[in-house]
Amino acid sequence: MKRSPSVNIYEYADYRKFLLHEYQEKKKKERNFSYRRFALYAGISSSNFLNLVIKKKRNLSEEGIRKFAKGFGLNEDQTEYFRNMVLMNQSKTHEEKDCYYQNMVRCKGFAKTHILDKKEYKYYSAWYHPVVRELVVFHSGKIDAEWIAGKVEPKITVAQARRSLKLLQELGMVRREEDRWIQTDQIVDTGPEVSSILVSKYHKNMISMAKESIDRFPGHQRDITSVTIRMNRKTLPQVKKASFEFRRQLFGLECLGDEAEFVMQLNIQAYPLTEVPEGGEDE
């Protein structure tokens, strides 16, 4: 009897969650299915290895990936997706995670299951998409790609501006009404694993742009400051709360409609400059 997965692997970005749900569904469909039976299918000597991986007590090597794919009857495309999902989850850096996620996106099954996710990935992959979204409200929305390309700094092409408008429309973040653009309240939303990759990539782009702005704009058009302070783990949540309150105040200063004259990016970075003691992360 040919085995095949019981759940849609392309709906998952966390391989351990996939393994758990796949095992649970197999148990429902096959009365005798167990960790021992899976180990037999996969050619693994340890009957409890699947359980250890699900519980994050073990990781998967390349050989383990192949055996797990065999054990659950994954086809070639599903195996490739599973491999990249495992490597993405187990990667230490955001660059590696992003590389493996791009490979996941290229899999045929992913394209059929996550049409919107691919567009969301494109939204965060280019720094200027959020800028274009803010610019559509200028001049009562009566603007075009040529006008946008002339306003954005650093410069983008008219073709890039046009593609950005199209993407924002597909995501439901802007819409066209007669001869003007309207900004909607729609936001990009993904699962936590993918969101971490996308948002981290976006923040890296914005931080890099902030560095370049020192040479691009005179001092009176920007504000780049820093402060170095002594901290402990108990006061860190207070710093985050103060940052949140500050950002909320800034939204109250945002210009509406035709009052707006330009778009500004504000980055707030708080990070350790010395070793942080272990534990107490959620205190």
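Residues numbered from 1 in each chain as written. Predicted model: local features only at pLDDT ≥ 70, side-chain atom pairs only at ≥ 80, totals over all residues. Heavy atoms only, no water.

Caption draft 1: Molecular detail of the overall build of the chain. Counting its secondary structure elements, the chain contains 13 helices and two strands. Counting only residues that meet the buried cut, the chain has 35% of its 283 residues in that class. Once local pairs closer than 6 in sequence are excluded, the contacts in the chain between residues at least 24 apart make up 59%. Accessible area for the chain stands at about 18,700 Å²; split by element, carbon and sulfur atoms hold 51% of it. (Helix = DSSP H or I, 4+ residues; strand = E, 2+ residues; numbered from the N terminus. Buried < 20%, exposed > 50% of the residue type's maximum accessible area, 1.4 Å probe, protein only. Contact = heavy atoms within 4.5 Å. Areas by Shrake-Rupley, 256 points an atom, 1.4 Å probe, with all protein chains shown as cover.)

Caption draft 2: Spotlight on the pairing of strand E1 (residues 174–177). By the bridge criterion, four bridges tie E1 to strand E2 (residues 180–183) in an arrangement that is antiparallel. Following the sheet pairing, valine 174 is matched in E2 by glutamine 183. Between E1 and the antiparallel strand that follows it, E2, lie two residues; glutamate 178 among them carries a positive phi value of about 55°. (Pairing = 2+ DSSP bridges.)

Caption draft 3: Layout of the packing of aromatic side chains. Applying the stated criterion across every chain yields a total of 14 aromatic pairs. Here the aromatic rings of phenylalanine 138 and tryptophan 147 are separated by 6.0 Å at their centres, their planes lie at 50°, and the arrangement is tilted. Grouped by ring-pair contacts, the aromatic residues Tyr12, Tyr15, Phe18, Tyr23, Phe33, Tyr35, Phe38, Tyr41, Phe49, Phe68, Phe72 and Phe82 constitute a single cluster. (Phe/Tyr/Trp six-rings, centres within 6.5 Å; stacked < 30°, edge-to-face > 60°.)

Caption draft 4: The arrangement of the environment of alanine 42 in detail. With respect to the helices and strands, alanine 42 occurs in helix H2 (residues 35–42). As for alanine 42 and glycine 64, which are separated by 22 residues in sequence, their C-alpha atoms are 9.0 Å apart. The contact partners of alanine 42, leaving out residues within four places of it in the chain, are Lys67, Lys70 and Gly71.

Caption draft 5: Local environment of the pattern of salt bridges. Using the criterion set out here, one finds twelve salt bridges in the structure. Glutamate 22 is paired through a salt bridge with lysine 26; the nearest N and O atoms lie 2.6 Å apart. With glutamate 22 and lysine 26 both in helix H1 (residues 15–29) and four residues apart, this pair spans about one turn of that helix. There is no split in this pair, since glutamate 22 and lysine 26 are both buried. Taking the shortest distance from any N to any O, the salt bridge between lysine 142 and aspartate 179 comes out at 4.0 Å. Highlighted residues: lysine 142 in the loop between helix H9 (128–135) and helix H10 (145–151) and aspartate 179 in the loop between E1 and E2, separated in sequence by 37 residues. Classification of lysine 142 as exposed rests on a relative accessible area of 51%. Accessibility expressed as a relative area gives 43% for aspartate 179, which makes it partly exposed. (Salt bridge = Lys/Arg side-chain N within 4 Å of Asp/Glu carboxyl O.)

Caption draft 6: The arrangement of the side chain of histidine 129 in detail. In this fold, histidine 129 is placed in helix H9. If we skip the residues at most four places from it in the chain, histidine 129 touches Lys122, Tyr123, Ser164, Leu167 and Leu168.

Caption draft 7: Representation of the nonpolar core in the model. Counting residues in hydrophobic clusters, the biggest one holds 66 residues, and the most contacted among them are Phe18, Leu19, Leu60, Phe68, Phe82 and Met85. When residues of this core are assigned to their parent elements, the largest contribution, six residues, is made by helix H5 (residues 76–90). Residue contacts for phenylalanine 82: discarding those within four places in its chain leaves Ile9, Tyr15, Phe18, Leu19, Leu60, Ile65, Phe68, Ala69 and Leu74. (Core = buried A, V, L, I, M, F, W, Y, C linked by side-chain atoms within 4.5 Å.)

Caption draft 8: Layout of the environment of lysine 155. Within the fold, lysine 155 resides in the loop between H10 and helix H11 (158–170). Linking lysine 155 and tyrosine 128, residues 27 residues apart in sequence, is a C-alpha distance of 9.6 Å. From its side chain, lysine 155 meets the backbone oxygen of glycine 150 in a polar contact 2.5 Å long. A distance of 3.4 Å separates polar atoms of two side chains, one belonging to lysine 155 and the other to glutamate 153. (Polar contact = N/O pair within 3.5 Å; in protein donor to acceptor, adjacent residues only side chain to side chain.)

Caption draft 9: Seen up close, helix H6 (residues 94–106). Between its terminal C-alpha atoms H6 stretches 18 Å, which fits the 18 Å expected from 13 residues at 1.5 Å a residue. Of the residues making up H6, those classed as buried are Lys97, Asp98, Tyr101, Met104 and Val105. The buried residues of H6 occupy an angular sector of 115° when projected down its axis, which confines them to one face. Set apart from the buried face of H6 by more than 90 degrees, the exposed residues are Glu95 and Arg106. (Expected span 1.5 Å × (residues − 1). Arc of directions from axis to C-beta.)

These values are about where atoms sit, not about what they do.
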